[in-house]
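# Inside the fold
Single-letter residue listing:
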There are 2 protein chains.
Amino acid sequence: MDARKRRILGTLIDDYIVSAEPVGSRTLAKKYGLGISSATIRNEMADLEELGFLEQPHTSAGRIPSDRGYRYYVDELMQRPQVGSDTVNRVRMAFSAPVREIAWFIHQTAQMVSEMTAYPSVVVAPPVNDACLGDIRVMQLNSGTLLLVVATDSGMVENRAVPLPEDMNFEQVGWLAHEFAREFRGMPIKELKDRILDPLSSDEERYHGLWESLLAWMSDWRSNDDRVTLAGSLNILKYPEFRDVGKVERVLGFLQREQAVEQLLNQTSPQSDQVHVIIGQESPFDAIWDCSVVTATYQLRGHIVGQVSVIGPKRMQYAHVVTTLEMVSEELSRALKWA
Amino acid sequence: MDARKRRILGTLIDDYIVSAEPVGSRTLAKKYGLGISSATIRNEMADLEELGFLEQPHTSAGRIPSDRGYRYYVDELMQRPQVGSDTVNRVRMAFSAPVREIAWFIHQTAQMVSEMTAYPSVVVAPPVNDACLGDIRVMQLNSGTLLLVVATDSGMVENRAVPLPEDMNFEQVGWLAHEFAREFRGMPIKELKDRILDPLSSDEERYHGLWESLLAWMSDWRSNDDRVTLAGSLNILKYPEFRDVGKVERVLGFLQREQAVEQLLNQTSPQSDQVHVIIGQESPFDAIWDCSVVTATYQLRGHIVGQVSVIGPKRMQYAHVVTTLEMVSEELSRALKWA
DNA sequence: GGTTAGCACTCTAGCCACAGGAGTGCTAAT
DNA sequence: ATTAGCACTCCTGTGGCTAGAGTGCTAACC
């Protein structure tokens, strides 16, 4: 791979990313001032195809990048643009609102990223299991219903309205919740869940039932469900490779399977602060073999707890997406510093 | 409109609903034992077209129903099937879970309806404005952050994490919230919002700031946003009339504009317990002129507070959808009796 | 020896003509 | 009033054809 081959490959992919049409030698020679003739480019392109970086849809068409070609482009060739300061400001503004639930940040992030990139965006929220119990409160909704509110210290909140147990009144339940919170505040939710299996944890006969309910309910706390927020899914309809409804269905259907998405982002992306790119068949899920996924991680209290991610056609604006995600995930981590 | 015309129109629409192909006189005569020849049917069909109930895509094609034809079908012709008792049981089971937030019911409903009908489903939650304040609590998330939880007596809950004000500690905020709840419990949220404009409501100098924050926050409570839950939107991709990505984009794009959807369901559907059907251009929104919308209302405390609704191609399984929605909205109203 | 002009070759997309088929409307017979 | 028959219309699918884009190869060039 000499410099000229790299130059040609990079230019070709740049062109294909915006045109979505196979790129021929003539186009390359004319449109971009490469200083060499189309014949030379043809020779080089034949080499690049032999090396596996390019493909030909059919004999008399131009070339398109192969998965391997995209991979080389992402790893070696693409030029990262600077993120405009107005974009950064926009993100900072959004994150500086006086709202502090983690769920809110997740939604904001997904929304902004899909708008900024014009691709669908997926954001994975921190796992509840790793967070610590912040507080539990009981509220009275009406005469027969109470609302349990459980919060982690990092700002994840879960509500559950339940009937008031027959043999208790509100004060009692409130007192119980207070005791529960006093006993377990600061304990990781995961440990709390484990308690359920430990019968010794419920001392008082009287409150046995509700105490167990509280624990049972904790165990129920959606640890794997509902962690995934999807935004801008309709963006995908804009790209010509998805003019076929069947493809759209495959991809969007996949994106709605939260567990699969979480698995994809969790397992394949290394726990690093590097942006990670999955191209086409590199994905373990064949539903998105026509797509590329770009993933960045964000941190809470110094630990990586979730991902911000973009999905689009393999012909994706990698440079723009990568820098955008880098910036957003960094800002998100910063915005979550209070937690 | 004699009986035979009605019979022909009804049969033709029944056929078109499943086949999605223009229906010819021969098909009608052969496939369904109408006891008359195709020539007679042709004459009748010509009449029906003149009356505006049928259309011809082109001269040598069969007929398809016009909007007016569907309207007549829905109002007069269609045969409502019985809802299977297993289906009813499934819905009752789902609604009998020991969970009682209204938001949960809304999601369940949308999910179930879209599965049962195989169309996208939209459910509108009760307006917050009409509900009454149930309780307010303040929770401590961590040293600098507090979580306000506001609930209506009907089980709608809203959380907001905010920084602890500089000049207050948690006890003070907690006491304040307690006072606030004591003062305003049972008051409609709408009235609470109006208070914001009334400067006399804040007596105590000391707590002026937070008191106002609480009120301001109430006013912020998404009264119009977020009322709309959409489920099964990908179902629409299954129908041949949406093989064109542009159409899909128009319709799904519309469904994501919550305010428009709410407006559609609120304004056009009468406040009755009758199921209401909007066919094609009867809708004020041209984005869904290729679609029909079926809407049922549900009740909370004897008042109609929201809608359960299905959207699909004009060639919709009206009979099935109408009976399903009737059943589901009834069960939903029943399930919300505790509130 | 690398580069390039030139040329023959290949393959697709688009166009046109054509035939088959489905369905109609009309007429005349029942 | 109904229906069989028939001419007519229009869409759809097919096949052949051409134009154009792009390639690979060869021979000339620097």
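Since we're looking at a predicted model, the values are computed, not measured.

### A closer look at the protein's contact with DNA strand C
Lining the immediate environment of DNA strand C, one finds 21 residues, of which R4(A), T40(A), T59(A), S60(A) and S25(B) sit closest. R42(A) places a side-chain nitrogen or oxygen 3.1 Å from a base oxygen of DNA strand C. Here a base nitrogen of DNA strand C sits 3.0 Å away from a polar atom, N or O, in the side chain of R42(B). For the surface near DNA strand C, the elements supplying multiple residues, two or more each, are helix 3 (38–50) of chain A together with helix 2 (25–31) and helix 3 (38–50) of chain B. Per-element tally for the surface near DNA strand C: the top contributor is helix 3 of chain A, with 4 residues. Taken together, the residues of the surface near DNA strand C sort by class into 4 nonpolar, 13 polar and 4 charged.

### Observations concerning the sheet that holds strand 9 (residues 291–300) of chain A
All names here are of chain A. In spatial order, the strands read 7-3-10-9-8; together these 5 strands make up an open sheet with antiparallel pairing. Looking at the sheet topology across the chains shown, the edges are occupied by strand 7 (228–231) and strand 8 (276–279). Neighbour-to-neighbour, the strand axes of this sheet turn through a mean angle of 20°, independent of strand direction. Pairing geometry for strand 9 and strand 10 (residues 303–313), over 10 bridges, is antiparallel. Its bridge partner lying in strand 10, V293 is registered against I311. Sheet strands in contact with helix 6 (residues 102–117) are strand 3 (121–124), strand 7, strand 9 and strand 10, and its direction is about 155° off that of strand 3. With respect to the sheet, helix 11 (residues 258–268) is in contact with strand 3, strand 7, strand 8, strand 9 and strand 10, its orientation differing from that of strand 3 by roughly 75°.

### Overview of the domain arrangement of chain A
Residues and elements named next belong to chain A. When the domains of chain A are assigned, the result is domain 1 (3–77), domain 2 (85–127 + 226–338) and domain 3 (131–220). Every contact between the two is made by 7 residues of domain 2 and, on the other side, 5 residues of domain 3. In this assembly, domain 2 and domain 3 are joined by 1 salt bridge. D153 is paired through a salt bridge with R301; the nearest N and O atoms lie 3.3 Å apart. The interface formed by domain 2 and domain 3 includes 2 residue pairs in polar contact (both at pLDDT 80 or more).

### Comments concerning the sheet that holds strand 7 (residues 228–231) of chain B
Residues and elements named next belong to chain B. Pairing is antiparallel in the open sheet, where 5 strands are placed in the order 7-3-10-9-8. Pairing within the sheet leaves two strands with one partner each, and these edge strands are strand 7 and strand 8 (276–279). Neighbouring strand axes in the sheet, compared pairwise and without regard to direction, differ in orientation by 20° on average. Bridge count between strand 3 (residues 121–124) and strand 7: 4 bridges; the pairing is antiparallel. By the bridge assignment, V122 is partnered in strand 7 with L230.

### What about the packing of helix 10 (residues 245–256) of chain A against helix 11 of chain A?
All names here are of chain A. Their axes nearest at 5 Å, the elements helix 10 and helix 11 cross at an angle of 85°. By the angle between their axes, helix 10 is roughly perpendicular relative to helix 11. Judged by residue contacts, F254, L255 and Q256 of helix 10 engage E258, A260, V261 and L264 from helix 11. Taken together, the residues of the contact of helix 10 with helix 11 sort by class into 5 nonpolar, 1 polar and 1 charged.

### A short note on the protein's contact with DNA strand D
Around DNA strand D sit 21 residues in total, of which S25(A), R4(B), T40(B), T59(B) and S60(B) are the nearest. Here the atoms of DNA strand D within 4 Å of the protein split so that 76% fall in sugar or phosphate, with bases taking the remainder. Between DNA strand D and the protein, one listed contact pairs a sugar or linking oxygen with a backbone N or O atom of A61(A) at 3.4 Å. Going through the elements one at a time, helix 2 (25–31) and helix 3 of chain A together with helix 3 of chain B are the ones with two or more residues in the surface near DNA strand D. For the surface near DNA strand D, the residue count by class is 4 nonpolar, 13 polar and 4 charged.

### Comments concerning the packing of aromatic side chains
Applying the stated criterion across every chain, the model contains 16 aromatic pairs over all chains. Relative to Y72(A), the ring of F53(A) has its centre 5.2 Å away and its plane inclined at 55°; by these criteria the two rings are tilted. Placement of the pair is F53(A) in the loop between helix 3 and strand 1 (54–55) and Y72(A) in helix 4 (residues 67–77), with a sequence separation of 19 residues. A ring pair is formed by Y70(B) and Y318(B), whose centres lie 6.0 Å apart and whose planes are at 50°; its orientation type is tilted. With a gap of 248 residues between them, Y70(B) in helix 4 (residues 67–77) and Y318(B) in helix 12 (residues 318–335) connect regions that are remote in the sequence. Y318(B) shares its class with Y70(B); the two are buried. Ring pairing ties together the aromatic residues Y70(A), Y73(A) and Y318(A), which thus form one cluster. For R68(A), the ring lying beneath its charged end belongs to F53(A), and the centroid distance is 4.7 Å.

About the cut-offs
Residue indices begin from 1 for each chain and proceed along its sequence in written order. Labels are handed out in written order, letters beginning with A for the chains and numbers beginning with 1 for the ligands. Given that this is a predicted model, residues contribute local features only at a pLDDT of at least 70 and side-chain atom pairs are listed and counted only at 80 or more, while totals for whole chains, interfaces and linings are drawn from all residues. The side-chain quantities take in all heavy atoms of the structure and omit both hydrogens and water. Near is defined per residue: the residue qualifies when any heavy atom it owns lies within 4 Å of the molecule or strand. Side-chain atoms alone can form a polar contact between residues adjacent in sequence; in general such a contact is a pair of N or O atoms within 3.5 Å, and within protein one must be able to donate a hydrogen while the other accepts it. In this text, helices come from DSSP runs of H or I with a minimum length of four residues, and strands from runs of E with a minimum of two, each type numbered from the N-terminal end. Three classes are used: nonpolar for Ala, Val, Leu, Ile, Met, Phe, Trp, Tyr, Cys and Pro, charged for Asp, Glu, Lys and Arg, and polar for all others, with Gly counted as polar. Being paired, for any two strands, means DSSP has found at least two bridges between them. Structural elements are reduced to axes, namely lines fitted to C-alpha atoms, with helices fitted over the stretch in contact, and the angle between N-to-C directions of any two is expressed from 0 to 180 degrees. Only heavy atoms matter for contacts: two residues are in contact if any of them lie within 4.5 Å across the pair. What fixes the domain bounds is an automatic or database domain assignment. Between Lys or Arg on one side and Asp or Glu on the other, a salt bridge is scored when a side-chain nitrogen of the former is within 4 Å of a carboxyl oxygen of the latter. Every angle not falling under 35 degrees, over 145, or within 65 to 115 is termed oblique; those three ranges are roughly parallel, roughly antiparallel and roughly perpendicular. Pairing of aromatic side chains requires ring centres within 6.5 Å, counting the rings of Phe and Tyr and the six-membered ring of Trp. Pairs whose planes differ by under 30 degrees are stacked, by over 60 edge-to-face, and all others tilted. Burial classes follow relative accessibility: with a 1.4 Å probe on protein chains only, a residue under 20% of its type's maximum area counts as buried, one over 50% as exposed, and anything between as partly exposed. Here, over-ring charges are defined by two tests on the NZ atom of lysine or the CZ atom of arginine: distance to the ring centre within 6 Å, and angle to the ring normal within 35 degrees.

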